[in-house]
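What follows is each chain in one-letter form.
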Amino acid sequence: MLYGSSDDWKKECGWVIRLLSDGMMSTEDWKVLQRRHAWKLLSSLVQSSFRDQALRRAVLEVCDAITLIIS
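Before going into details, it helps to say that this report is about the structure given with it. (Residues numbered from 1 in each chain as written. Predicted model: local features only at pLDDT ≥ 70, side-chain atom pairs only at ≥ 80, totals over all residues. Heavy atoms only, no water.)

### Some points on the nonpolar core
Soluble, globular proteins show a tendency: their nonpolar side chains are buried together. So the rule is basically this: Think of a nonpolar core as a cluster: buried Ala, Val, Leu, Ile, Met, Phe, Trp, Tyr and Cys residues, connected wherever their side-chain atoms sit within 4.5 Å. Note on exposure labels: buried denotes an accessible area under 20% of the residue type's maximum, exposed denotes more than 50%, and partly exposed covers the range between, all computed with a 1.4 Å probe on protein chains only. Strands are runs of DSSP state E lasting at least 2 residues, helices are runs of H or I lasting at least 4, and numbering of each runs from the N terminus. The contact criterion used is simple: two residues touch if any of their non-hydrogen atoms lie within 4.5 Å.
Among the nonpolar cores identified, the biggest contains 16 residues, and Ile17, Met24, Leu33, Leu45, Val59 and Ile66 are the most heavily contacted of them. Listed by contribution, the elements that provide at least two residues to this core are α1 (9–23), α2 (27–35), α3 (38–48) and α4 (53–70). If we ignore the near neighbours within four places in the chain, the residues touching Leu33 are Leu20, Met24, Ala38, Trp39 and Ile66.

Here it is, written out as structure tokens:
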């Protein structure tokens, strides 16, 4: 879903990233994110979407949510 082929892939991708950001409530959520390799997908998405600042900002919000629960 992060690399969709539909015309609305950017909207779908934004929805998934917001879901991940809002869903980071505990260290257990972080463990699931790591175990499912979602972190690697998010980091590759940031690297591939150099010009899409909104998408990069959304991924940074996920990072912010992660740091709040880990610290």
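Structure's up, so let's keep going.
### Describing the packing of α2 against α4
Note the threshold: Note on geometry: axes are C-alpha line fits, over the in-contact stretch for helices, and angles between N-to-C directions span 0 to 180 degrees. Roughly parallel means an angle under 35 degrees; roughly antiparallel, over 145; roughly perpendicular, 65 to 115; everything else is oblique. Here is the rule for handedness: rotate from the far helix to the near one, and if that takes an anticlockwise turn smaller than a right angle the crossing is left-handed, while a clockwise turn gives right-handed. Residues are grouped as follows: Ala, Val, Leu, Ile, Met, Phe, Trp, Tyr, Cys and Pro are nonpolar; Asp, Glu, Lys and Arg are charged; every other residue, Gly included, is polar.
Interhelical geometry of α2 versus α4 gives an angle of 130 degrees and a closest axis separation of 9 Å. As judged from the angle between their axes, α2 and α4 are oblique. Crossing of α2 over α4 shows left-handed handedness. For the pair α2 and α4, the contacting residues are Thr27, Trp30 and Leu33 in the first and Ile66, Ile69 and Ile70 in the second. Taken together, the residues that form the contact of α2 with α4 break down as five nonpolar, one polar and no charged.

Function-wise, these values are silent; they only describe arrangement.
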